[in-house]
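# A look at the structure
Residues per chain are reported as follows:
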Amino acid sequence: GDSVTQMEGPVTLSEEAFLTINCTYTATGYPSLFWYVQYPGEGLQLLLKATKADDKGSNKGFEATYRKETTSFHLEKGSVQVSDSAVYFCALSKAAGNKLTFGGGTRVLVKP
Amino acid sequence: DSGVTQTPKHLITATGQRVTLRCSPRSGDLSVYWYQQSLDQGLQFLIQYYNGEERAKGNILERFSAQQFPDLHSELNLSSLELGDSALYFCASSVGLLRQGLYGYTFGSGTRLTVV
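Residues numbered from 1 in each chain as written. Chains lettered and ligands numbered in written order. Predicted model: local features only at pLDDT ≥ 70, side-chain atom pairs only at ≥ 80, totals over all residues. Heavy atoms only, no water.

## A few points about the packing of aromatic side chains
- Taken as a whole, this structure holds 14 aromatic pairs over all chains when the rule is applied.
- Measuring from centroid to centroid gives 6.0 Å for F102(A) and F107(B), while their planes differ by 70°, and the two rings are edge-to-face. Within this pair, whereas F102(A) is found in strand β11 (residues 100-102), its partner F107(B) is found in strand β10 (residues 106-107), the two belonging to separate chains. The same class applies to F102(A) as to F107(B), namely buried. (Phe/Tyr/Trp six-rings, centres within 6.5 Å; stacked < 30°, edge-to-face > 60°. Helix = DSSP H or I, 4+ residues; strand = E, 2+ residues; numbered from the N terminus. Buried < 20%, exposed > 50% of the residue type's maximum accessible area, 1.4 Å probe, protein only.)

Structural data, given as structure tokens:
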């Protein structure tokens, strides 16, 4: 079945550091790919998405590119802030199945 | 406010009891999904409803059931509760079957269930 694997955390960074969270997926066909963020005590918010190969999703300084050849969708941000401390989830969705399949989540802690 | 409303926000109950979690989807969304988030299992898909009909089932226990009503709100019923059922239960909604891969899903803020 479909699956998403993302790097385990926690990832601890200093403010203004570069952030990368690796995400790879296993799925047949051409899934849509998503990054969701969960701030402490809150629900999941869509951060960015990409629907086809080579698409780049971007939002709030975060970027991720849909790489079909490596089945990856790595999340990057050039300069993190303390307010970026959260849990980040990579996910995929296939039009036929419709549900979201999530990775295990990566906790990011940014220190001032 | 995401537009998806879940009630209650917190629920504490005893083992063996039954609870009902409620979800009102974002206006115009026809699909509702239920997810369970626990520390050891991560985010697990439970069940999906589309316009009142069950569409897909995931790792949902037989003690759990759900339905979607004509006004499109959904309820998740959890019975014979066990300590291991303690988790965050999220509801998400999306526009419809053909477009959700493009537009993603909107999540509610969740119901935290504690079974004691």
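After that view, the rundown keeps rolling.
## A closer look at the state of the cysteines
- Tallying each qualifying case throughout the model produces two disulfides over all chains.
- The disulfide partner of C23(A) is C90(A), and the S-S distance across this bridge is 2.0 Å. Disulfide C23(A)-C90(A): torsion about the S-S bond near -70°, hence left-handed. Taken together, the residues C23(A) in strand β4 (residues 23-26) and C90(A) in strand β10 (residues 86-93) connect sequence positions 67 residues apart. By the burial criterion, C23(A) is buried, and C90(A) matches it.
- Here C23(B) engages in a disulfide with C91(B); their sulfurs sit 1.8 Å apart. Around the S-S axis, the bridge from C23(B) to C91(B) shows a dihedral of about -50° and counts as left-handed. Residue C23(B) is found in strand β3 (residues 19-24), and its partner C91(B) is found in strand β9 (residues 87-94); the two are separated by 68 residues along the sequence.
- The exposure class assigned to C23(B) is buried, which follows from its relative accessible area of 0%. (Disulfide = S-S within 2.5 Å.)

## Some thoughts on the nonpolar core
- Counting 26 residues, the largest nonpolar core has W35(A), F73(A), L75(A) and Y88(A) as its most contacted members.
- At four residues, β10(A) tops the list of elements feeding residues into this core.
- When neighbours within four sequence positions are excluded, L75(A) is seen to be in contact with L19(A), T20(A), I21(A), W35(A), L47(A), L48(A), F62(A), E63(A), A64(A) and Y88(A).
- Counting residues in each nonpolar core, the second largest holds 21 residues, with L46(B), I47(B), L78(B) and Y89(B) among its members. (Core = buried A, V, L, I, M, F, W, Y, C linked by side-chain atoms within 4.5 Å. Contact = heavy atoms within 4.5 Å.)

## Description of the environment of P8(B)
Residue and element names in this part refer to chain B.
- Counting through the fold element by element, P8 comes out in the loop between β1 (5-7) and β2 (10-13).
- Assessed through its relative accessible area of 27%, P8 is described here as partly exposed.
- Separated by 14 residues in sequence, P8 and R22 place their C-alpha atoms 7.3 Å apart.
- Setting aside its immediate chain neighbours within four residues, P8 contacts T20, G110 and T111.

## Remarks on the sheet that holds β3(B)
Residue and element names in this part refer to chain B.
- With antiparallel pairing, the four strands of this open sheet are ordered in space as β1-β3-β8-β7. The strands lining the two open edges of the sheet, one partner per strand, are β1 and β7 (64-68). Taken pair by pair, the neighbouring strands of this sheet meet at an average axis angle of 15°, ignoring direction.
- In terms of strand pairing, β3 meets strand β8 (residues 74-78) through five bridges, oriented antiparallel. Of the residues in β8, the one forming a bridge with R22 is E75. (Pairing = 2+ DSSP bridges. Axes fitted to C-alpha atoms, helices over the stretch in contact; angles between N-to-C directions.)

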